[in-house]
Amino acid sequence: MSLSLTDLMRESLLDPRAATRRITGLELPTPILWQALAAVICLTVLLEQALFWIGGAGGPLPDPATLTVQEQQILALTRLYAENPLMMAVIQGGFAVVAVYAITIVGRICGGTGAFEDSLAMIAWFQTMLLALQLLQALTGVVLPPLSGIVAIVTLVLFFYLLTMFTAEVHGFESPGMVFAMIIATMIAIAFSVTLLLTL
């Protein structure tokens, strides 16, 4: 029985393992999966840009000389985000690609059985879920601003919950706790590597 997009999102929240099986069971061609991931990344950047400018971030930026080093770094990222959304799409796309390969390789090292195409399909759908959660958070900020903080926390929890359960199902792992620990360790390793490269 086919499901609508909203039904699949609901199933992803209630039974993420079943949703993962349904998505990977479609066996979509790899080029289609890459195109789907790219489309979701583009939609995410467009949403973030819209929220960025609607929120007034497109106004005058403060003088860097009056800011601390950390604030200057945040300001530099803000300028990059405001002035070059294409760069942000490349960065987000790069992180998504790294996630696909990391989940495939690290999962296999840890004894998983997931195929590259399954990891790609899972990340494409995971990004779609994050886009929906971002949209919900934005709507909450407009309609019920006091609840936006709570929605942000729920979004963060769902980020790790969905990523953990999706990955566990792709690789056939029974222990979500082990998968969560693996994800955290991989994130730390990637962050350390990127920081080291930027420092060099």
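Residues numbered from 1 in each chain as written. Predicted model: local features only at pLDDT ≥ 70, side-chain atom pairs only at ≥ 80, totals over all residues. Heavy atoms only, no water.

Once that is clear, we can look at the overall build of the chain. Each helix and strand counted, the chain has 8 helices and 0 strands in total. From first element to last, N terminus to C terminus, the chain shows the α and β order α-α-α-α-α-α-α-α. With 200 residues in all, the chain has 36% of them scored as buried. Pairs at least 24 apart in sequence give 67% of the contacts found in the chain among residues at least 6 apart. Of the roughly 11,700 Å² that the chain leaves accessible, carbon and sulfur atoms contribute 73%. (Helix = DSSP H or I, 4+ residues; strand = E, 2+ residues; numbered from the N terminus. Buried < 20%, exposed > 50% of the residue type's maximum accessible area, 1.4 Å probe, protein only. Contact = heavy atoms within 4.5 Å. Areas by Shrake-Rupley, 256 points an atom, 1.4 Å probe, with all protein chains shown as cover.)

This next bit is on the packing of helix H5 (residues 85–109) against helix H6 (residues 116–143). It is at 9 Å that the axes of H5 and H6 come closest, and there the two elements cross at 135°. In this view, H5 runs oblique relative to H6, as classed from their interaxial angle. Between H5 and H6 lies a crossing of right-handed hand. Between H5, through Ala96, Ala99, Val100, Tyr101, Ile103 and Thr104, and H6, the contact on the second element is made entirely by Phe116, Ser119, Leu120, Met122, Ile123 and Gln127. (Axes fitted to C-alpha atoms, helices over the stretch in contact; angles between N-to-C directions. Parallel < 35°, antiparallel > 145°, perpendicular 65-115°, else oblique. Left-handed = near helix turned anticlockwise from the far one by under 90°.)

This paragraph deals with the packing of aromatic side chains. Under the definition given, this model contains 6 aromatic pairs. A ring pair is formed by Trp34 and Phe116, whose centres lie 6.1 Å apart and whose planes are at 45°; its orientation type is tilted. Of the two residues, Trp34 is situated in helix H3 (residues 30–54) and Phe116 in helix H6; the sequence distance between them amounts to 82 residues. With a relative accessible area of 28%, Trp34 lands in the partly exposed category. Ring centres of Phe126 and Phe166 lie 6.5 Å apart, and the angle between their planes is 90°; on these two criteria the pair is classed as edge-to-face. Within this pair, whereas Phe126 is found in helix H6, its partner Phe166 is found in helix H7 (residues 148–171), the two being separated by 40 residues in sequence. You can call Phe126 buried: its relative accessible area is 4%. (Phe/Tyr/Trp six-rings, centres within 6.5 Å; stacked < 30°, edge-to-face > 60°.)

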